[in-house]
Amino acid sequence: MKKFMFASIFSVMITIVLFPAGGIAAEKDFTNSQRPIAVQGALDIEISSLLKTMGTYKQETYGGYTFFIGKISKIPVIVARTEMGKANAAASTALLIDHYHPKAIINQGTAGGHDPNLHVFDTVIGEKVMNIDSMESEHLDAGQGIRPKTWKFTKTFIRENGKIQEYAYFKSDPQLVKSAIRAAKKYQHGKVVLGKIGSTDFWNREVDRIQWFHQTAGTSAEEMEAAAVAQVAKGFHIPFLSIRTISNSEVSGDKIIDQPTAGQYSAEFAVEIIKELGK
């Protein structure tokens, strides 16, 4: 969810080993009825359409994180309200995996546009997600100011099979991406494109900075949760997908900000992806 929030904590300590390495990565039978598909949204506006589609559901809360258990098109589904920001998203995802053992995670919601060709209500299928807050600056002495455009992106580190692995970005699961592409034909509110989603706890509204992200990192849109979710999902070998509907853009010429409608459209698109996975 692209929203005012300036948390700086990104990682969450996970001490429970749920699955053997590689055990879930090999399982791609998304029609298997034993384990649910998880769909995440940061705010109520990003999950309300999902809950309406489920109709009846059970609600469970752990700490400040809420999960709704039900079915969509007879497919077991867990809807997770992650709350805003990467720290919340990581914590919610760890709890999700611990308690519900999902076979796949779809992280969805609203985003601000980075690509000038994307307009409000266009939707990005995030083939890649990236933590665009992770940076290193050059040394400057006192009085030399700051030079944000010289900052360099740093990688995310995950320990896998006892060894540290480095990731400049995380890839969504190819099969989930294909299902999203098939579902795109039913999206009637704008374009659906493949792209890279950048996660940041900073709401960027400076046009030059947004353009710098787009040109330097290749981002299509920015939001506040996807990279954290992808990092935790990767650590537990859970197939992951991010989709984001543009709610506002400083670079496209659009003059509106409509998060409630964009949140509704993104959730409705997620429902169509779930239906594709159930075929």
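Analysis parameters
- Residues numbered from 1 in each chain as written.
- Predicted model: local features only at pLDDT ≥ 70, side-chain atom pairs only at ≥ 80, totals over all residues.
- Heavy atoms only, no water.
- Helix = DSSP H or I, 4+ residues; strand = E, 2+ residues; numbered from the N terminus.
- Expected span 1.5 Å × (residues − 1).
- Buried < 20%, exposed > 50% of the residue type's maximum accessible area, 1.4 Å probe, protein only.
- Pairing = 2+ DSSP bridges.
- Axes fitted to C-alpha atoms, helices over the stretch in contact; angles between N-to-C directions.
- Parallel < 35°, antiparallel > 145°, perpendicular 65-115°, else oblique.
- Left-handed = near helix turned anticlockwise from the far one by under 90°.
- Contact = heavy atoms within 4.5 Å.
- Nonpolar A, V, L, I, M, F, W, Y, C, P; charged D, E, K, R; others polar.

As for helix α6 (residues 259-277)
And then number 1: For α6, built from 19 residues, the straight-helix expectation of 27 Å at 1.5 Å per residue is met to within 8% by its first-to-last C-alpha distance of 27 Å.
And then number 2: Among the 19 residues of α6, 15 are classified as buried, and the element is accordingly described as predominantly covered.

A short note on the pairing of strand β5 (residues 104-113)
And then number 1: A large share of β5 lies buried, amounting to 10 of its 10 residues.
And then number 2: Taken together, the four bridges between strand β1 (residues 37-41) and β5 define a ladder with parallel strand orientation. Residue pairing in the sheet places I37 in a bridge with A104 of β5.
And then number 3: When β5 meets strand β14 (residues 240-249), the two strands line up parallel, connected through nine bridges.

Remarks on the packing of helix α1 (residues 44-54) against α6
And then number 1: One way to put it is that α1 packs onto α6 with a least axis distance of 7 Å and a crossing angle of 45°. Between α1 and α6, the angle falls in the class oblique. Considering only the axes of α1 and α6, their crossing is right-handed. In this structure, α1 uses I45, E46, S49, L50 and T53 to contact α6, whose residues at the interface are Q259, P260, G263, Q264, A267, E268, A270 and V271.
And then number 2: Its residues assigned to classes, the contact of α1 with α6 shows six nonpolar, five polar and two charged.

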